[in-house]
Amino acid sequence: MRPVYVVGAGMTRFGRSEWPLVDLAATASLAALHHANLGKTPVDAVVVANMGAGRINRQTAIASALVDRLSLWPAAAEAVENGPASGASAVKVGYQAIAAGMAEVVLVTGVEMMRAVDGLEATDFVASLSHPEAEYIYGVTLPSLAGLFTRLYMDRYGVERRHLALVAIKNHDNAMKNPYAHIHQPVTMEGILTSPEAAVNNPPVAEPLHMFDCCPVSDGAAAVVLASQEVASKLGAPRVLVAGIGQATDTHAVQERQDPTDLKAVRLASAAAFERAGAKPSDIDVAELHDAFTILEIAESEAAGFFKVGQAHKAVERGETALTGKLPINPSGGLKAKGHPVGATGVAQIVELTWQLRGEATGRQIAKAKTAYACNFGGFGNNVVATVLRKEER
Amino acid sequence: MASVTDLEALLRPPAMEMPPYPPKAITLASGEEMIVRQADREEMPVLLKAIYPLLLVERDYYDIVAARLYSELLAYKRYRVKDEYVLVGLIDGVLAGLVNGRLVDGKVGMSYHTLTIRRGLRVGSHLFAAKMEYHIEHCGQDEVLIVAESPIGFRRWMIEYPLEKKYEVQHELGGVPSWVLTRTTYFEAKPRLVSGRRPVPADKLAGAAVIHLPGEETVHLQVTGEKGGKA
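Because the structure is a prediction, the values reported are computed rather than measured. (Residues numbered from 1 in each chain as written. Chains lettered and ligands numbered in written order. Predicted model: local features only at pLDDT ≥ 70, side-chain atom pairs only at ≥ 80, totals over all residues.)

Caption draft 1: Up close: the overall build of chain A. When you go through chain A residue by residue, the secondary structure sums to 15 helices and eleven strands. Relative to the 2.2 N^0.38 estimate, which gives 21 Å for 394 residues, the radius of gyration of chain A is 19 Å and therefore close to what a compact globule would have. If one aligns the C-alpha atoms of chain A with their principal axes, the spans along those axes are about 60 × 45 × 40 Å. By residue count, 61% of the 394 residues in chain A fall in the buried class. Long-range contacts, defined here as pairs at least 24 residues apart, represent 78% of the contacts in chain A between residues at least 6 apart. (Helix = DSSP H or I, 4+ residues; strand = E, 2+ residues; numbered from the N terminus. Rg over C-alpha atoms; globule rule 2.2 N^0.38 Å. Buried ≥ 20, exposed ≤ 12 C-beta atoms within 10 Å, placed from the backbone. Contact = placed C-beta atoms within 7 Å.)

Caption draft 2: Fine view of the sheet that holds strand β11 (residues 383-392) of chain A. Residues and elements named next belong to chain A. Ordered in space as β3-β2-β4-β7-β1-β8-β11-β10-β9, the nine strands form an open sheet in which the pairing is mixed. The open sheet has two edge strands, β3 (76-80) and β9 (286-288), and neither has a second partner. Direction aside, the axes of adjacent strands within the sheet are offset by 25° on average. The pairing of β9 with strand β10 (residues 371-378) spans three bridges and is parallel. Paired with Ala287 across the bridge in β10 is Tyr373. Sheet contacts for helix α11 (residues 264-277): β8 (239-249), β10 and β11; angle to β8, the most-contacted strand, approximately 145°. (Pairing = 2+ DSSP bridges. Axes fitted to C-alpha atoms, helices over the stretch in contact; angles between N-to-C directions.)

Caption draft 3: Spotlight on the interface of chain A and chain B. Each partner contributes residues to the interface: chain A has 33 residues there, and chain B has 21 residues. Elements with a minimum of two residues in the side of chain A that touches chain B: α1 (21-36), α8 (189-194), α9 (198-201) and β7 (219-228) of chain A. Counted by class, the side of chain A that touches chain B contains 13 nonpolar, 13 polar and seven charged residues. (Nonpolar A, V, L, I, M, F, W, Y, C, P; charged D, E, K, R; others polar.)

Caption draft 4: Geometry of the packing of helix α2 (residues 44-51) of chain B against helix α3 (residues 62-77) of chain B. All names here are of chain B. Packing of α2 against α3 leaves a shortest axis separation of 10 Å and a crossing angle of 165°. In this view, α2 runs roughly antiparallel relative to α3, as classed from their interaxial angle. Where α2 crosses over α3, the handedness of that crossing is left-handed. In this structure, α2 uses Met44, Leu47, Leu48 and Ile51 to contact α3, whose residues at the interface are Ala66, Leu69, Tyr70, Leu73, Leu74, Tyr76 and Lys77. (Parallel < 35°, antiparallel > 145°, perpendicular 65-115°, else oblique. Left-handed = near helix turned anticlockwise from the far one by under 90°.)

Caption draft 5: Representation of the sheet that holds strand β6 (residues 143-146) of chain B in the model. Residue and element names in this part refer to chain B. The mixed open sheet is built from eight strands, whose spatial order is β1-β2-β3-β4-β5-β6-β8-β7. Looking at strand neighbours, the two that pair on one side only are β1 (24-27) and β7 (164-170), the edges of this open sheet. Averaged over all pairs of adjacent strands, the angle between strand axes in this sheet comes to 30°, irrespective of strand direction. Packing against the sheet, α3 makes contact with β3 (84-91), β4 (94-103) and β5 (108-116), and its axis sits at approximately 120° to β5. Sheet contacts for helix α6 (residues 183-193): β7 and β8 (177-182); angle to β8, the most-contacted strand, approximately 60°.

Caption draft 6: How the structure looks around the pairing of strand β1 (residues 4-11) of chain A. Residues and elements named next belong to chain A. For β1, the buried fraction is high: eight of the eight residues fall into the buried class. Direction of pairing for β1 relative to β7: antiparallel, over a ladder of seven bridges. Bridge pairing links Gly10 to Ala223 in β7.

Caption draft 7: Region of interest: unusual backbone geometry. Of the consecutive residues Glu207 of chain A and Pro208 of chain A, the connecting peptide bond is found in the cis state with omega at 5°. Here Pro208 of chain A shows up in the loop between β5 (204-206) and β6 (209-210). Residue Tyr161 of chain B is joined to Pro162 of chain B through a cis peptide bond whose omega torsion reads -10°. Assignment of secondary structure puts Pro162 of chain B in the loop between α5 (151-159) and β7. Non-glycine residue Asn37 of chain A carries a positive phi angle of around 50°. Within the element layout of this structure, Asn37 of chain A appears in the loop between α1 and β2 (45-49). The exposure class assigned to Asn37 of chain A is partly exposed, which follows from the 13 C-beta atoms found within 10 Å.

Caption draft 8: Quick look at the environment of Met114 of chain A. Residue and element names in this part refer to chain A. Within the secondary structure, Met114 is located in the loop between β4 (105-113) and α5 (119-127). With 13 residues separating them in the primary sequence, Met114 and Ala127 have C-alpha atoms 13 Å apart. With sequence-adjacent residues up to four places away left out, Met114 is seen in contact with Gly52, Ile56, Ala122, Val217, Ser218, Asp219 and Pro341.

Caption draft 9: Molecular detail of the environment of Arg102 of chain B. All names here are of chain B. Residue placement: Arg102 occurs in strand β4. Between the C-alpha atom of Arg102 and that of Pro13, which follows or precedes it by 89 residues, the distance is 12 Å. Ignoring anything within four residues of it in the chain, the contact list for Arg102 reads Val81, Lys82, Asp83, Glu84, Met110 and Tyr112.

Caption draft 10: Representation of the nonpolar core. In terms of nonpolar packing, the biggest core is built from 205 residues, with Ala25, Val48, Ala223, Val224, Leu226 and Val347 of chain A together with Leu87 of chain B touching the most fellow members. Broken down by element, this core gets its largest block of residues, ten residues, from α1 of chain A. In contact with Leu87 of chain B, not counting residues within four places along its chain, are Tyr21, Val36, Gln38, Ala39, Leu98, Val99, Leu127, Ala130, Lys131 and Tyr134 of chain B. (Core = buried A, V, L, I, M, F, W, Y, C linked by C-beta atoms within 7 Å.)

Below is the structure:
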């Protein structure tokens with residue numbers, strides 16, 4: 001396998017977009033291509049991550065549309081739909097093309113326009129990834145699964161609502177430093193948990209999860225340019241190696257898992273990514289985790305191996321996952337505050353980590369970051385892609 | 001022939017005695033404190049100025065809410081509406097949102113509009129709750145007639161409280177079939193939806209004595225939330 005590098009990264013601001021879907025994707029793509037500064041080196045392939053355009057935006061074959069919008073013909077084009085893990089899956093497809101020698105440069109773009117429909121329809125659309133007979137027909141949604149998961153986690157490990165609130169507060173604070181974030185609004189413990197008004201400010205969504213435990217519904221796009229070593233070595237910029245990618249699956253229906261609090265797919269995908277990267281969790285300087293719900297940041301950080309099981313909420317309490325902590329998690333603001341346009345999320349995680357490793361994450365830069373980790377959590381943990389990136393000194 | 005003064009008296013609707021709304025303080029999710037208080041007739045010009053830029057914002061039906069609210073506040077200022085009141089929410093003296101309504105008679109109230117400028121902090125929910133509190137607890141009314149112009153409003157009022165249908169009554173806002181908040185519904189919803197602390201300390205009340213407006217660009221960005229599409 002040939003080594004693969006991220007040579008360019010860009011994204012749109014997440015939030016609400018008035019732009020057409022493909023224009024949004026094109027904007028992020030152009031930002032990434034500009035960042036890569038490829039000159040006359042052609043783009044061989046375009047991979048687009050998207051989960052719901054066919055249903056929400058009435059548009060299909062968006063990879064072909066993006067190639068056309070960017071005048072990148074005759075580049076190969078294909079779309080990847082893998083639920084909320086579509087973004088990292090698309091990066092993996094681009095990585096494989098270069099590693100296998102089928103391409104020298106691949107543009108990977110994730111895009112989603114979820115605000116085209118109202119919140120109820122968006123929630124229903126995402127719920128369509130659940131098991132159709134065992135979950136969906138009974139009205140199961142992602143927040144409800146996360147609520148059940150949280151209750152179990154609380155019972156077993158002593159996690160309290162204040163720990164979840166600490167995750168939200170941290171990620172909202174981080175998002176304040178990220179100009180691309182959906183939510184630029186700090187929140188406080190008093191405002192969302194301890195004041196009498198908190199009950200109104202932060203109403204329940206799926207107990208014990210409340211509004212500020214849940215990510216917003218976002219529009220947005222993110223893109224990375226992947227290149228072979230031969231191409232990357234000709235570019236002047238710092239080199240970010242895709243050191244390892246791991247992917248694992250679990251049962252579709254959560255109820256069929258022996259232990260529903262064990263995020264087995266996160267554990268296995270992470271182990272595979274670390275092994276391929278020749279790294280271990282303690283080598284990681286910065287991480288982007290899939291905190292669609294605050295509990296997931298806590299649980300994923302344990303399953304990935306950063307903390308012992310049942311200990312991550314204490315690390316959050318000690319400030320270890322803050323920007324200045326031992327292992328900063330979600331410096332971008334995470335899905336919680338940066339936003340979660342599902343198809344774009346996994347790519348946006350790689351964008352943030354690339355900026356971090358290149359020292360370009362102005363305002364939220366983690367000092368001396370050399371190795372980074374991303375967890376893109378598909379389904380309710382039934383399809384997970386983990387990625388390890390490493391900065392190479394030139 | 002009647003004098004101008006006599007004519008003016010005919011043009012003005014007869015007014016009822018209305019109790020004042022006692023101000024309250026609400027801690028928002030951000031930790032900021034919002035003071036909710038009644039706005040005087042003399043303060044309508046500054047509120048009209050705040051609303052004006054929203055007349056052309058289609059998103060979330062701000063245009064129709066702003067247009068109707070503009071006319072309602074203007075009518076209040078110029079004595080062309082019966083028994084209207086206006087409540088404002090101020091964060092550090094800056095307008096975060098406003099609500100208005102009127103009394104139909106001693107027992108029935110009519111909710112007009114809820115307009116949020118500072119979005120994402122449930123300012124609208126707090127202000128709408130304050131409006132219901134005014135009708136039921138301070139004016140002692142039995143019910144409030146309500147309609148929504150946007151799906152967001154429908155979710156916030158009709159579903160969250162929840163309201164009852166009273167379709168036989170056409171609401172003043174376009175003749176839309178009314179929904180109603182009763183005393184029973186209000187007191188059932190109160191623990192979930194109505195909050196705030198009284199009395200407001202004098203220094204905080206003084207800080208909310210004058211309504212300051214956020215910049216026009218700030219209002220537009222806060223209201224539309226437009227972010228996507230810009231690299």
